[in-house]
Amino acid sequence: KQYGVPRSTLRDRLFQIHGAASTAHEGQQLLNRDEEQALVDWAEHLSDQGRPLSKRTLVAKVKKLCGIRPSKKWYHRFLLRHPE
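Before going into details, it helps to say that this report is about the structure given with it. Given the structure is predicted, the values throughout are model-derived calculations rather than measurements.

How each quantity is defined
- All chains use their own residue numbering, which begins from 1 and follows the written sequence.
- Residue-level local features of this predicted model are given only where pLDDT is at least 70; pairs of side-chain atoms are given and counted only at 80 or more, and the full residue set underlies all totals for whole chains, interfaces and linings.
- Water and hydrogen atoms play no part in the side-chain values, which are based on all heavy atoms of the structure.
- Centre distance within 6.5 Å is the pairing criterion for rings of Phe, Tyr and Trp, where only the six-membered ring of Trp is used; planes under 30 degrees apart are then read as stacked, over 60 as edge-to-face, and the remainder as tilted.
- We count a charge as sitting over a ring when the NZ of a lysine or the CZ of an arginine lies within 6 Å of the ring centre and within 35 degrees of the ring normal.
- The classification of residues rests on relative accessible area computed with a 1.4 Å probe and restricted to protein chains. Under 20% of the type maximum is buried, over 50% is exposed, and intermediate values are partly exposed.
- Numbering of helices and strands runs from the N terminus, with a helix taken as a DSSP run of H or I at least four residues long and a strand as a DSSP run of E at least two residues long.
- The arc under discussion is defined with respect to the helix axis, by the directions toward the C-beta atoms.
- Contacts are assigned to residue pairs with any non-hydrogen atoms lying within 4.5 Å of each other.

Any aromatic ring pair is given by two values, namely how distant the centres are and how the planes are angled relative to each other. For the structure on display, the rule yields 1 aromatic pair. Geometry around Trp42 places Lys61 over its ring, the cationic atom sitting 4.8 Å from the centre.

Encoded structure:
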């Protein structure tokens, strides 16, 4: 009640009927949450070294990780998800 979470949501999560919205489509994504976070950490590491990250480099790294070349829109959506 304190946080305004409906009882049905708590029940569904408890019995694993429904998951969190943030993980609902993870199976449809190229990279899972951990892989994407590793990619962000790698990009930040390059940034800390003063090496800028190009779109070409990022797309090549993703292709190497998952074996599929991401779509043209993937890069822009990645930057929106991770503005850091």
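Think of an α-helix as 3.6 residues a turn; residues three or four steps apart then line up on the same face. Within the span of helix α4 (residues 72–81), buried status applies to Trp74, Tyr75 and Phe78. Buried residues of α4, viewed axially, fall in a sector of 100 degrees; they line one side. Residues Lys72, Lys73 and Leu80 are exposed on α4 and point more than 90 degrees away from its buried face. Buried residues in α4 make contact with α2 (33–48) and α3 (55–66).

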